[in-house]
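Next come the chains, spelled out residue by residue.
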Amino acid sequence: MTDYQSIYLALSAILFAIGVLGVIVRKDAIVVFLCIEIMLGAVNLAFVTFARANQSAEGLFMVMCIMAVAGAEAAVGLAIFVLLYRKTGTINIDKFNLLKY
Amino acid sequence: MELIATLVCGGAAVAAALLVILSRNTVHSALWMVANCLVLAVLFLLLNSQFIAVLQVIVYAGAIMMFIIYAIMMLNLRVSDDEGDVRKSLFTGRFAVLCLFFLSLLILGVGLSPMAVKGDMFPLAVSTIGEVNLIANYIFLQGLCPFELVSVLLTAAVVGAVYLARKD
């Protein structure tokens with residue numbers, strides 16, 4: 001069935017690296033958020049691949065937990081973005097240095 | 001045949017992820033992210049986990065991404081206010097990302113080593129009992145505590161989001 005698991009794991013690594021690159025490079029808070037979602041998707045792919053290789057339900061359960069956590073993160077994160085946009089009129093993450101000492 | 005489908009879907013996933021980063025328009029980034037989620041769902045199908053593929057389409061592409069697109073609509077952003085050319089600044093973080101890429105290739109090494117542990121989701125059980133049944137068994141027998149914690153987390157997140165976003 002999964003004779004190609006090395007392909008899936010390499011794909012997961014590539015997608016994770018793309019997500020990290022986006023978090024480092026982009027300054028738009030929403031795109032940074034999307035890149036975090038790319039990383040979560042890559043990790044989900046690795047989890048499903050290992051769950052299939054191991055024939056266990058644990059990896060699939062972890063994927064469901066990750067999806068729920070991603071939903072919670074989206075709710076809180078986007079509320080914070082809307083609040084910041086109301087206060088400052090921008091969501092460029094370089095403009096936010098309120099906590100800088 | 002399966003190899004061809006895997007390679008095509010993998011290429012599509014990488015292309016969609018790159019386009020998320022490279023698009024100037026935030027809405028285009030979000031729509032490419034939807035495409036990425038759908039291709040990931042096809043990859044889950046190719047891995048024979050139909051339940052996770054359905055969840056991926058409904059939860060990710062259906063709920064979370066629509067939520068993000070609504071947020072973009074509320075913020076009324078057309079072009080993201082990145083200064084400078086994104087394609088040029090792509091090269092600033094390349095070393096860190098390269099290191100991380102090789103680090104995550106370690107996963108590949110782990111995956112290629114033989115695995116002794118075998119769970120109870122062998123193909124015969126999946127075809128007779130059913131995949132959803134087996135996952136539900138796992139959730140309500142071994143994973144009950146994390147499952148309940150996730151529900152508490154979701155409630156807390158919704159209450160927090162409503163508290164943050166209300167007008168005061």
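Residues numbered from 1 in each chain as written. Chains lettered and ligands numbered in written order. Predicted model: local features only at pLDDT ≥ 70, side-chain atom pairs only at ≥ 80, totals over all residues. Heavy atoms only, no water.

### Some words on the overall build of chain A
Across its full length, chain A holds three helices and zero strands. Reading the secondary structure of chain A in the N-to-C direction produces α-α-α. Taking 101 residues into account, the globule formula puts the C-alpha radius of gyration at 13 Å, and chain A, at 17 Å, lies well above it. With respect to the principal axes defined by its C-alpha atoms, chain A has extents near 55 × 25 × 25 Å. Looking at chain A as a whole, 61% of its 101 residues are labelled buried. Once local pairs closer than 6 in sequence are excluded, the contacts in chain A between residues at least 24 apart make up 54%. Carbon and sulfur atoms provide 66% of the accessible area of chain A, an area that totals close to 3,800 Å². Here chain A carries 7 positive and 6 negative side-chain charges, and the mean point of each set is 15 Å from the other. (Helix = DSSP H or I, 4+ residues; strand = E, 2+ residues; numbered from the N terminus. Rg over C-alpha atoms; globule rule 2.2 N^0.38 Å. Buried < 20%, exposed > 50% of the residue type's maximum accessible area, 1.4 Å probe, protein only. Contact = heavy atoms within 4.5 Å. Areas by Shrake-Rupley, 256 points an atom, 1.4 Å probe, with all protein chains shown as cover. Lys, Arg positive; Asp, Glu negative; His and termini not counted. Charge placed at Lys NZ, Arg CZ, Asp CG, Glu CD.)

### A few points about the overall build of chain B
Scanning chain B from N- to C-terminus turns up nine helices and zero strands. Listing every helix and strand of chain B by position from the N terminus yields α-α-α-α-α-α-α-α-α. The proportion of buried residues among the 168 residues of chain B is 36%. In the form shown here, chain B has an accessible surface area of approximately 9,900 Å², with 75% of it arising from carbon and sulfur atoms.

### A short note on the state of the cysteines
Within this structure, the stated rule accounts for zero disulfides over all chains. Its sulfur unpaired, Cys35 of chain A is 12 Å from the next cysteine sulfur, which belongs to Cys37 of chain B. Using a relative accessible area of 0% as the deciding quantity, one classes Cys35 of chain A as buried. Between Cys65 of chain A, a cysteine without a disulfide, and Cys145 of chain B, which holds the nearest cysteine sulfur, the sulfur-to-sulfur distance is 11 Å. (Disulfide = S-S within 2.5 Å.)

### A short note on the interface of chain B and chain A
On the side of chain A, 71 residues touch chain B, which itself brings 84 residues to the contact. Both faces considered, chain B and chain A share a buried interface measuring about 6,900 Å² in area, 77% of it formed by carbon and sulfur atoms. When the area that chain B buries against chain A is broken down by residue, the three leading residues are Leu47, Tyr60 and Leu75 of chain B, summing to 10%. Applying the counting criterion to the chain B and chain A interface returns one salt bridge. The partner of Arg52 of chain A in a salt bridge is Glu131 of chain B, and the shortest N-O contact between them spans 2.8 Å. (Buried area = accessible area lost by both parts, 1.4 Å probe. Salt bridge = Lys/Arg side-chain N within 4 Å of Asp/Glu carboxyl O.)

### Quick look at the confidence of the model for chain B
A low pLDDT score tells you not to read the predicted coordinates there in detail. Residue and element names in this part refer to chain B. Considering every residue of chain B, the mean pLDDT works out to 82; 77% of them sit at 70 or more. Per-element confidence in chain B is highest for helix 2 (residues 26-46), whose mean pLDDT is 93, and lowest for helix 4 (residues 86-89), whose mean pLDDT is 62. Here the predicted complex carries an ipTM of 0.89, next to a pTM of 0.86. (pLDDT = per-residue confidence, 0-100.)

### Observations regarding the packing of aromatic side chains
All names here are of chain B. Applying the stated criterion across every chain yields a total of three aromatic pairs over all chains. With a centroid separation of 5.5 Å and 70° between ring planes, the pair formed by Phe140 and Phe147 is classed as edge-to-face. What makes Phe140 partly exposed here is its relative accessible area of 49%. (Phe/Tyr/Trp six-rings, centres within 6.5 Å; stacked < 30°, edge-to-face > 60°.)

### What about helix 2 (residues 29-54) of chain A?
All names here are of chain A. With 26 residues, helix 2 ought to run about 38 Å at 1.5 Å a step, and its terminal C-alpha atoms sit 37 Å apart, in line with that. Across the 26 residues of helix 2, 21 count as buried, placing the element largely inside the fold. Gln55 sits one or two residues past helix 2 and shows a positive phi near 55°. (Expected span 1.5 Å × (residues − 1).)

### Some points on the nonpolar core
Residues Leu15 and Leu45 of chain A together with Leu43, Ile52, Met65 and Ile68 of chain B are the most contacted members of the largest nonpolar core, which totals 68 residues. The set of elements that each furnish at least two residues to this core consists of helix 1 (5-25), helix 2 and helix 3 (58-88) of chain A together with helix 1 (2-22), helix 2, helix 3 (50-75), helix 5 (94-104) and helix 8 (131-141) of chain B. Leaving out residues up to four positions away in the same chain, Leu45 of chain A has contacts with Tyr8, Leu11 and Ser12 of chain A together with Leu40, Leu43, Phe44 and Leu47 of chain B. (Core = buried A, V, L, I, M, F, W, Y, C linked by side-chain atoms within 4.5 Å.)

### Some thoughts on the environment of Gly59 of chain A
All names here are of chain A. Inspection of the secondary structure puts Gly59 in helix 3. You can call Gly59 buried: its relative accessible area is 9%. Separated by 21 residues in the primary sequence, Gly59 and Ile38 have C-alpha atoms spaced 18 Å apart. Apart from the residues within four sequence positions on either side, Gly59 is in contact with Phe47 and Ala51.

### Things to note about the packing of helix 1 of chain A against helix 1 of chain B
One way to put it is that helix 1 of chain A packs onto helix 1 of chain B with a least axis distance of 9 Å and a crossing angle of 5°. Judged by the inter-axis angle, helix 1 of chain A sits roughly parallel to helix 1 of chain B. In this structure, helix 1 of chain A uses Ile7, Tyr8, Leu11, Ile14, Leu15, Ile18, Leu21 and Gly22 of chain A to contact helix 1 of chain B, whose residues at the interface are Leu3, Thr6, Leu7, Gly10, Ala13, Val14, Ala17, Leu18 and Ile21 of chain B. Across the contact of helix 1 of chain A with helix 1 of chain B, the residue classes tally to 14 nonpolar, three polar and no charged. (Axes fitted to C-alpha atoms, helices over the stretch in contact; angles between N-to-C directions. Parallel < 35°, antiparallel > 145°, perpendicular 65-115°, else oblique. Nonpolar A, V, L, I, M, F, W, Y, C, P; charged D, E, K, R; others polar.)

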